[in-house]
Amino acid sequence: MYGFEALTFNIHGGYLEAIVRGHRAGLLTTADYNNLCQCENLDDIKMHLSATKYGSYLQNEPSPLHTTTIVEKCTLKLVDDYKHMLCQATEPMSTFLEYIRYGHMIDNVVLIVTGTLHERDVQELLEKCHPLGMFDSIATLAVAQNMRELYRLVLVDTPLAPYFSECLTSEDLDDMNIEIMRNTLYKAYLEDFYKFCQKLGGATSEIMSDLLAFEADRRAVNITINSIGTELTREDRKKLYSNFGLLYPYGHEELAICEDIDQVRGVMEKYPPYQAIFSKMSYGESQMLDKAFYEEEVRRLCLAFEQQFHYAVFFAYMRLREQEIRNLMWISECVAQNQKSRIHDSVVYMF
Amino acid sequence: MSGAAIHASSWAAALVRISPYTFSAIGIAISIGVSVLGAAWGIYITGSSLIGAAIEAPRITSKNLISVIFCEAVAIYGVIVAIILQTKLESVPSSKMYDAESLRAGYAIFASGIIVGFANLVCGLCVGIIGSSCALSDAQNSTLFVKILVIEIFGSALGLFGVIVGIIMSAQATWPTK
C-alpha cells in the first residue's frame with residue numbers, strides 16, 4: 001500500500017538501502033572534478049583518485065597509466081558494489097537488480113555480433129565487453145550467422161530470450177539490421193522493466209516510471225535524429241519507439257515523420273519538461289543535446305534519493321556511477337591528449 | 001441490580017456475564033504484548049538502516065543508539081503499566097463478581113491496557129521510522145542529527161500520553177469491598 005512501505009521495507013531492504021546510500025556519499029563532487037581537471041597527466045589523476053573510493057582499485061597499477069586502465073578499474077568498483085548488493089538481496093529486490101544488468105547484456109551482444117561481422121578476434125571483443133553484462137555462453141555468439149541462429153544457439157537460455165520475439169527474422173546480420181536489433185531488444189527490455197516496476201507498486205513504481213519514461217523518450221529522440229537521412233522508413237522508425245513515456249503516443253506520431261533536427265525541436269518543445277532542454281540550445285546545434293540529456297538524467301537520478309524505502313535508489317546509484325565513469329574517461333582522455341580546454345564540454349557535475 | 005432490565009438471552013446479557021477478571025487479564029496482556037511489538041518493530045526498522053549506514057560512516061553508531069533507546073523506552077512503559085495493572089487486581093466473593101462495580105473495575109483495567117498497548121505500538125513505529133531516516137541523514141551530513149532527534153523526541157511523547165491516560169484509567173479500578 002503506497003505510503004505504508006516504511007513499516008515493512010526494512011525487513012528485507014533496510015540494510016542494502018543504507019549501503020547504497022553510503023556508496024552514494026562516495027560519488028565524486030564538483031570539487032573533486034575541479035581537482036581532476038587541474039591535473040597535468042594521468043599519474044596526477046591517479047593520485048587524486050587515490051583519496052576517493054577508487055583508491056584501493058588504482059593503487060597497484062604500474063606507472064605508465066592508460067586511460068582504458070583507469071576506466072576498467074573504476075568499472076570494477078561498480079561491479080563489486082553491484083555483486084555485493086545482489087548476493088545480499090532477496091526477492092523482489094534481486095529481480096529488480098538483475099533487470100539493471102540486461103541493458104549491458106544487450107550492448108555486449110551487439111558488440112560481439114558487430115565485431116564478428118567486421119572480422120575481429122573473439123577474445124579481443126570479450127575483453128571490451130562490459131563486465132556487468134557477461135553471461136555464460138557469450139563467446140558462442142561469434143558463431144551465429146543470422147538472427148534465428150543467434151536466438152537458437154545462445155540467447156534462448158539467457159534472460160534476454162523473451163525480448164527476441166519481435167526480432168526473429170532469417171535475414172543475415174549486417175550493420176543496419178544489427179542496429180535495428182539493438183533498438184528492438186532495448187525497447188522490449190524497457191517495456192518489461194516498466195511493467196515489472198508497475199507490479200511492485202508504491203514509491204518504487206512512481207519513481208521508476210519517471211526515470212524509465214525519460215529513458216524511453218530520450219531513446220526515441222536519439223533514434224529519430226540518428227535515422228534522419230538513412231534508409232530507415234517511417235514505419236520502421238515508429239516500431240522502435242517504446243510504448244510508454246511522455247511522448248507516447250502522439251509525440252511518437254510526430255517524431256516518426258521528422259526529417260531534420262529543427263522539426264524534432266518543434267515536436268519536443270510542445271512538452272514542458274523537454275522544452276527546457278531544447279531551449280538551451282540555439283538553432284542547428286545538436287552536439288550539446290547529448291550533454292543536455294545527461295544533465296537532465298542526472299538531475300532526476302539525484303532526486304530519487306530524496307525518498308526512503310524504495311528500490312529506485314539502486315537503479316539511480318548504478319546510473320550515477322556509470323555517468324561518473326564516463327566523466328572520468330573524458331577527463332582522462334583530455335588530460336592524456338593535452339586538450340584541457342575541452343574538458344568542460346562533456347563533464348556532467350552531480351553534486 | 002440496577003440499570004435497564006436485561007433479557008436473559010440477549011447479547012448484552014452475554015457480555016455482562018463475562019467475568020471482569022477475563023477483561024482485566026486481556027487488558028494486562030495487551031498492555032505488555034502490544035507495547036513490546038511496537039518497540040521491537042521500531043528497533044528493527046532503525047537497526048537495519050543503522051548497521052548498513054555505519055559501514056561507510058562508522059562515526060554514527062554511538063550517537064544513533066539513542067533512537068534504539070527511545071524505542072526501548074516504549075517497551076518499558078508497557079512493562080510498568082502491566083505491573084501497575086496487576087497490582088490493581090483483587091479478589092471479590094462470587095456473589096459480588098457480576099456487580100456493576102466489579103464490572104467497572106474489570107473494564108477499567110481492560111481499557112487501560114488497550115490504551116497503553118496501542119499508543120506504544122504507534123509510538124514505537126514512529127520513533128523507529130524516524131530513527132532510520134536519522135541514521136541515514138547523519139551518515140551524509142552530521143549537522144542533521146540533532147535536528148532530527150527533536151522530531152524523535154516529539155514522537156516518543158506519544159507513548160507517554162498513552163501511559164498517563166492508562167494510569168489515570170487504572171486508578172478507577174476499585175473493586176467492591178467485601
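Residues numbered from 1 in each chain as written. Chains lettered and ligands numbered in written order. Predicted model: local features only at pLDDT ≥ 70, side-chain atom pairs only at ≥ 80, totals over all residues. Heavy atoms only, no water.

As recorded in an unreviewed UniProt entry, chain B goes by the name V-type proton ATPase subunit c''2, listed as coming from Camelina sativa. Its UniProt record gives chain B a comment under Subunit (unreviewed entry), which states: "V-ATPase is a heteromultimeric enzyme composed of a peripheral catalytic V1 complex attached to an integral membrane V0 proton pore complex." Looking at chain B in UniProt, the text filed under Subcellular location (unreviewed entry) is "Membrane". (UniProt positions renumbered as here; feature names shortened; annotations may be inferred.)

Chain A has the name V-type proton ATPase subunit in an unreviewed UniProt entry, where Capsella rubella is given as its organism.

*Asks:* Would you mind showing me how to read the overall build of chain B here?
*Replies:* Within chain B, the secondary structure is distributed over 5 helices and 0 strands. Taken over the C-alpha trace, chain B has a radius of gyration of 21 Å; the compact-globule value for 178 residues is 16 Å, which it surpasses by more than 25%. Counting only C-alpha atoms, chain B reaches 70 × 30 × 20 Å along its principal axes. Counting every position in chain B, which comprises 178 residues, the buried fraction comes to 44%. In chain B, of all internal contacts separated by at least 6 residues, the share reaching a separation of at least 24 is 87%. When the accessible surface of chain B is totalled, it reaches about 8800 Å², and 75% of it is carbon and sulfur. When the 8 positive and 7 negative side-chain charges of chain B are each reduced to one mean point, those points stand 7 Å apart. (Helix = DSSP H or I, 4+ residues; strand = E, 2+ residues; numbered from the N terminus. Rg over C-alpha atoms; globule rule 2.2 N^0.38 Å. Buried < 20%, exposed > 50% of the residue type's maximum accessible area, 1.4 Å probe, protein only. Contact = heavy atoms within 4.5 Å. Areas by Shrake-Rupley, 256 points an atom, 1.4 Å probe, with all protein chains shown as cover. Lys, Arg positive; Asp, Glu negative; His and termini not counted. Charge placed at Lys NZ, Arg CZ, Asp CG, Glu CD.)

*Asks:* Which parts of the structure should I look at to understand the packing of aromatic side chains?
*Replies:* For any pair of aromatic rings, geometry is given as the distance between the ring centres together with the angle between the planes. All names here are of chain A. Tallied over the entire structure, the rule returns 22 aromatic pairs over all chains. Ring plane angle 65 degrees and centroid distance 6.2 Å describe the contact between Tyr 102 and Tyr 189, whose orientation is recorded as edge-to-face. Within this pair, whereas Tyr 102 is found in helix α6 (residues 93-117), its partner Tyr 189 is found in helix α9 (residues 175-200), the two being separated by 87 residues in sequence. Pair check on accessibility: Tyr 102 and Tyr 189 agree, each one buried. Consider the rings of Tyr 163 and Tyr 189, whose centres lie 6.2 Å apart with planes at 55 degrees: the pair is tilted. Within this pair, whereas Tyr 163 is found in the loop between α8 (147-154) and α9, its partner Tyr 189 is found in helix α9, the two being separated by 26 residues in sequence. Like Tyr 189, Tyr 163 is buried. Its end group placed over the ring of Phe 305, Arg 24 keeps NZ or CZ at 5.1 Å from the ring centre. Sitting over the face of the ring of Tyr 186, Arg 219 holds its NZ or CZ atom 3.8 Å from the ring centroid. (Phe/Tyr/Trp six-rings, centres within 6.5 Å; stacked < 30°, edge-to-face > 60°. Lys NZ or Arg CZ within 6 Å of the ring centre and 35° of its normal.)

*Asks:* Looking at this structure, how should I read the UniProt feature "transmembrane region" (unreviewed entry) in chain B?
*Replies:* Residues and elements named next belong to chain B. The feature "transmembrane region" (unreviewed entry), as annotated in UniProt, sits at residues 21-44, 65-85, 105-132 and 144-169 in this numbering. A helix fraction of 100% and a strand fraction of 0% characterise residues 21-44, whose end C-alpha atoms lie 34 Å from each other. Along residues 65-85 the backbone is 100% helical and 0% strand, and the end-to-end C-alpha distance reaches 30 Å.

*Asks:* Which parts of the structure should I look at to understand the nonpolar core?
*Replies:* Buried together is how nonpolar side chains tend to be arranged in soluble globular proteins. All names here are of chain A. Formed by 93 residues in total, the largest nonpolar core has its most connected members in Phe 96 and Phe 314. Among the elements that line this core, the one with the most residues is helix α16 (residues 312-336), at 13 residues. In contact with Phe 96, other than residues within four places in its own chain, are Phe 193, Phe 196, Cys 197, Leu 200, Thr 204, Met 208, Tyr 311, Ala 312, Phe 314 and Phe 315. Counting 23 residues, the second-largest nonpolar core is a separate cluster that includes Val 267, Tyr 274, Met 281 and Phe 293. (Core = buried A, V, L, I, M, F, W, Y, C linked by side-chain atoms within 4.5 Å.)

*Asks:* Which parts of the structure should I look at to understand the interface of chain B and chain A?
*Replies:* Interface size is often expressed as the accessible area that is lost when the parts come together. Across the contact, 16 residues belong to chain B and 17 residues belong to chain A. The largest per-residue losses of area from chain B upon contact with chain A belong to B:Glu56, B:Leu136 and B:Gln140, which jointly make up 38% of the total buried on that side. Here chain B and chain A share 9 residue pairs in polar contact (both at pLDDT 80 or more) between them. Counting only elements with at least two residues in the side of chain B that touches chain A, the list comes to α2 (20-56) and α4 (100-140) of chain B. Among the elements that make up the side of chain B that touches chain A, the one with the highest residue count is α2(B) (10 residues). (Buried area = accessible area lost by both parts, 1.4 Å probe. Polar contact = N/O pair within 3.5 Å; in protein donor to acceptor, adjacent residues only side chain to side chain.)

*Asks:* Explain the packing of α6(A) against α9(A) to me, please; I cannot follow it from the model alone.
*Replies:* Describing two packed helices takes the angle between their axes plus the distance from one axis to the other. In the contact formed by α6(A) and α9(A), the axes pass within 10 Å of each other and the chain directions differ by 175 degrees. Here α9(A) runs roughly antiparallel to α6(A), going by the angle between their axes. (Axes fitted to C-alpha atoms, helices over the stretch in contact; angles between N-to-C directions. Parallel < 35°, antiparallel > 145°, perpendicular 65-115°, else oblique.)

*Asks:* I would appreciate a short explanation of the packing of α6(A) against α16(A) in the present structure.
*Replies:* All names here are of chain A. Contact pair α6 / α16: the axes reach a minimum separation of 10 Å and the direction vectors enclose 30 degrees. One way to sum up the angle between α6 and α16 is to call them roughly parallel. Note that α6 runs across α16; the crossing there is right-handed. On α16, the residues touching Met 93, Phe 96, Leu 97, Ile 100 and His 104 of α6 are Ala 312, Phe 314, Phe 315, Met 318 and Glu 322. Looking at the contact of α6 with α16 residue by residue, the class counts come to 8 nonpolar, 1 polar and 1 charged. (Left-handed = near helix turned anticlockwise from the far one by under 90°. Nonpolar A, V, L, I, M, F, W, Y, C, P; charged D, E, K, R; others polar.)

*Asks:* Looking at this structure, I do not really get the side chain of A:Gln323. What am I missing?
*Replies:* Along the polypeptide, A:Gln323 turns up in helix α16. The residues touching A:Gln323, leaving out its near neighbours within four places in the chain, are A:Tyr294, A:Val298, A:Val348 and A:Met350.

*Asks:* Can you walk me through the confidence of the model for chain A in this structure?
*Replies:* Detailed conclusions should not be drawn from predicted coordinates in areas where pLDDT is low. Summary statistics for chain A give a mean pLDDT of 88 and a share of 96% for residues scoring 70 or more. For chain A, α8(A) is the element with the lowest average pLDDT, namely 79, and helix α1 (residues 9-25) of chain A is the one with the highest, namely 94. (pLDDT = per-residue confidence, 0-100.)

*Asks:* Quick question: what am I supposed to make of the pattern of salt bridges here?
*Replies:* Oppositely charged side chains are able to pair whenever their charged atoms sit close together. Residues and elements named next belong to chain A. On inspection of all chains with the given rule, the structure shows 25 salt bridges over all chains. Of the charged contacts, one joins Lys 73 and Glu 61 as a salt bridge, the two residues approaching to 3.6 Å between their closest N and O atoms. Highlighted residues: Lys 73 in helix α5 (residues 67-88) and Glu 61 in the loop between α4 (55-58) and α5, separated in sequence by 12 residues. Both residues of the pair, Lys 73 and Glu 61, belong to the buried class. Across the salt bridge formed by Arg 319 and Glu 297, the nearest N and O atoms sit 3.2 Å from each other. Remark: Glu 297 occurs in helix α15 (residues 287-304) and Arg 319 occurs in helix α16; sequence separation between them is 22 residues. (Salt bridge = Lys/Arg side-chain N within 4 Å of Asp/Glu carboxyl O.)

*Asks:* I would appreciate a short explanation of the UniProt feature "domain: V-ATPase proteolipid subunit C-like" (unreviewed entry) in chain B in the present structure.
*Replies:* Per the UniProt annotation, the sites labelled "domain: V-ATPase proteolipid subunit C-like" (unreviewed entry) are residues 26-85 and 110-169 of chain B. In residues 110-169 of chain B, helix accounts for 95% and strand for 0%; the two terminal C-alpha atoms are 9 Å from one another.

*Asks:* Explain a nonpolar patch on the surface to me, please; I cannot follow it from the model alone.
*Replies:* A grouping of B:Leu158, B:Leu160, B:Phe161, B:Ile164, B:Val165 and B:Ile168 is seen on the molecular surface, where their side chains present a nonpolar patch of about 540 Å² in accessible area. Structurally, the position occupied by B:Ile168 is in helix α5 (residues 144-170). (Patch = residues over 30% accessible without salt bridge, like charges linked within 9 Å, V, L, I, M, F, W, Y side chains within 5 Å.)

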